[in-house]
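What the coordinates show
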Amino acid sequence: MKSVKYTIVLLLIIVFCLQLAGEERKKPTSMKELTDPRSPAYVPYPYPKKRAEIIADFKYYCEKFCGETNEYKSAFVRNFENITDKISLNLLEPHPEYRIGEIFKVKNRIARFSDDYSWLIPVMDRKGDVAMRVALHASGLFIGAGAIAEKDMTTASPEERLHFARLRKVFTEEDVKNALSESIGRTFTGNEIKKIERVAYPSAMGDYLHPVWVITMADGNIYYYIEIDDMIFSIDKKIPWKKTNQGIRPLASSLTPSWDYLPDTINDELVILTRIPRK
């Protein structure tokens, strides 16, 4: 795929991936910080569980840090339109143009996150497409967001529009099962699939905004569905990826020539993948 794969929508992912060397498991934010309204880490509902609580934490972030109150606003170039701020603030209106879709729990394979899961919040437009994706830590604190502006859709090439269309879709388990069946060449019964879950890696192949779908089969085999590539993968091998005594991981390129891998900083390994094209 052309360089469109790494558009500005995914800049947060790429920058995040570049920070792997020397990372450490981040300690959880204390409940004292999360519950103190004077703290920059305050959230209305620490470690939210219910949909209303997750939404309340996100909207608190919108009120506090988006738009004119955003302390980083002055850093933007003149006339720059912050599309994520625009959509976020619209959600606070009495009659918003956007709405919050189904919220998903995402398993975490990122050592920089203190918890083993995060929340993925799709924000939908009136046509039912994903206008913006938002991720919150398990604590309720904001991680990041990514959006595609309408002007990007109108000026995109046909190939780019297909790519953007995938980024604006909410994938379901049924979509993943269909992709697996088309790739393997047969239909799977319910008993053959043990578990399907969204998993975030520190990778442009699938992070907290566009998680990897991990499909665990009853026979022990594991497949991966990558939304960005619309591709099923299997495991080729796993390579140890431990830190040196200096606390630095070796460059992945020094361990594998493949670009199809998932860096698992929880298990200290690179999961090397093999593509399984559609039959």
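All values reported here derive from a predicted model rather than from experimental measurement.

Criteria and thresholds
Residues numbered from 1 in each chain as written. Predicted model: local features only at pLDDT ≥ 70, side-chain atom pairs only at ≥ 80, totals over all residues. Heavy atoms only, no water. Helix = DSSP H or I, 4+ residues; strand = E, 2+ residues; numbered from the N terminus. Buried < 20%, exposed > 50% of the residue type's maximum accessible area, 1.4 Å probe, protein only. Contact = heavy atoms within 4.5 Å. Areas by Shrake-Rupley, 256 points an atom, 1.4 Å probe, with all protein chains shown as cover. 1 Å grid on protein atoms, 1.4 Å probe; cavity = no way out; pocket = protein on both sides within 12 Å on 5 of 7 lines; lining within 4 Å. Points joined across faces, edges and corners; volume = space filled by probe spheres on them. Nonpolar A, V, L, I, M, F, W, Y, C, P; charged D, E, K, R; others polar. pLDDT = per-residue confidence, 0-100. Pairing = 2+ DSSP bridges. Polar contact = N/O pair within 3.5 Å; in protein donor to acceptor, adjacent residues only side chain to side chain. Core = buried A, V, L, I, M, F, W, Y, C linked by side-chain atoms within 4.5 Å. Expected span 1.5 Å × (residues − 1). Disulfide = S-S within 2.5 Å.

1. Let's talk about the overall build of the protein
What the protein contains, in helices and strands, is seven helices and 11 strands. Looking at the protein as a whole, 49% of its 279 residues qualify as buried. In the protein, of all internal contacts separated by at least 6 residues, the share reaching a separation of at least 24 is 56%. A total accessible area of about 15,000 Å² is found for the protein, and carbon and sulfur atoms account for 52% of it.

2. Describing empty space enclosed by the protein
Taken as a whole and assessed by the stated rule, the structure comprises three cavities of 30 Å³ or more. In this structure, the second largest cavity occupies an estimated 60 Å³ of space. Considering the residues around the second largest cavity, the lining is formed by Phe104, Leu120, Pro122, Val130, Arg133, Lys169, Val170, Phe171, Arg198, Trp213 and Glu227. Sorting the residues of the lining of the second largest cavity by element identifies strand 3 (117-124) and strand 4 (130-137) as the ones contributing at least two each. Looking at the lining of the second largest cavity, its residues break down into seven nonpolar, no polar and four charged.

3. Some remarks on the confidence of the model for the protein
Within the protein, residue pLDDT values average 87, and 86% of them lie at 70 or more. Contacts for the low-pLDDT stretch residues 1-22, under 50 throughout, to residues beyond four places or in other chains number 44 contacts.

4. Points about the pairing of strand 11 (residues 269-276)
In regular strands, side chains alternate between the two faces of the sheet. Most of strand 11 sits inside the fold, with six of its eight residues counted as buried. As defined by bridge partners, strand 9 (residues 231-240) adjoins strand 11 across eight bridges and the pair is classed as antiparallel. When the bridges of strand 11 are listed, Ile239 appears paired with Leu270. Strand direction decides the pairing type here: strand 10 (residues 261-264) and strand 11, joined by four bridges, are antiparallel. Paired with Pro263 across the strands is Leu270, a residue of strand 11. Counting the residues in the hairpin turn of strand 10 and strand 11 gives four residues, including Asp268, whose phi is positive at 55 degrees.

5. Comments concerning the environment of Asn90
Looking at the secondary structure, you find Asn90 in helix 4 (residues 83-90). Under the relative-accessibility criterion, Asn90 is labelled buried at 17%. With 28 residues separating them along the chain, Asn90 and Cys62 place their C-alpha atoms 9.5 Å apart. Within the local environment of Asn90, its side chain forms a polar contact with the backbone nitrogen of Tyr98, the two atoms lying 3.2 Å apart.

6. What to know about helix 4
Counted residue by residue, helix 4 has six buried out of eight residues, so it is predominantly covered. Every buried residue of helix 4 is accounted for by Ile83, Thr84, Asp85, Ile87, Ser88 and Asn90. Buried residues belonging to helix 4 abut helix 3 (51-65), strand 3, strand 4 and strand 5 (142-147).

7. Quick word on the nonpolar core
Of all hydrophobic cores here, the largest spans 24 residues; its most connected members are Phe58, Ile87, Ile121, Met132 and Val134. Of all the secondary-structure elements, those providing two or more residues to this core are helix 3, helix 4, strand 3, strand 4 and strand 5. A per-element tally of this core places helix 3 first, with five residues. Residues in contact with Ile121, not counting those within four places in the same chain, are Ile54, Phe58, Ile100, Ile103, Met132, Arg133, Val134 and Leu136. Of all hydrophobic cores here, the second largest spans 18 residues; its members include Tyr201, Val214, Ile226 and Leu262.

8. Structural notes on helix 3
When the terminal C-alpha atoms of helix 3 are compared, their 21 Å separation across 15 residues agrees well with the 21 Å that a helix rising 1.5 Å per residue should span. Among all positions in helix 3, only Ile54, Ile55, Asp57, Phe58, Tyr60, Tyr61 and Cys62 are buried.

9. Comments concerning the state of the cysteines
Counted by the stated rule, this structure contains zero disulfides. With no disulfide partner, Cys66 has as its closest neighbouring cysteine sulfur the one in Cys62, 4.6 Å distant. We classify Cys66 as buried; its relative accessible area is 3%.

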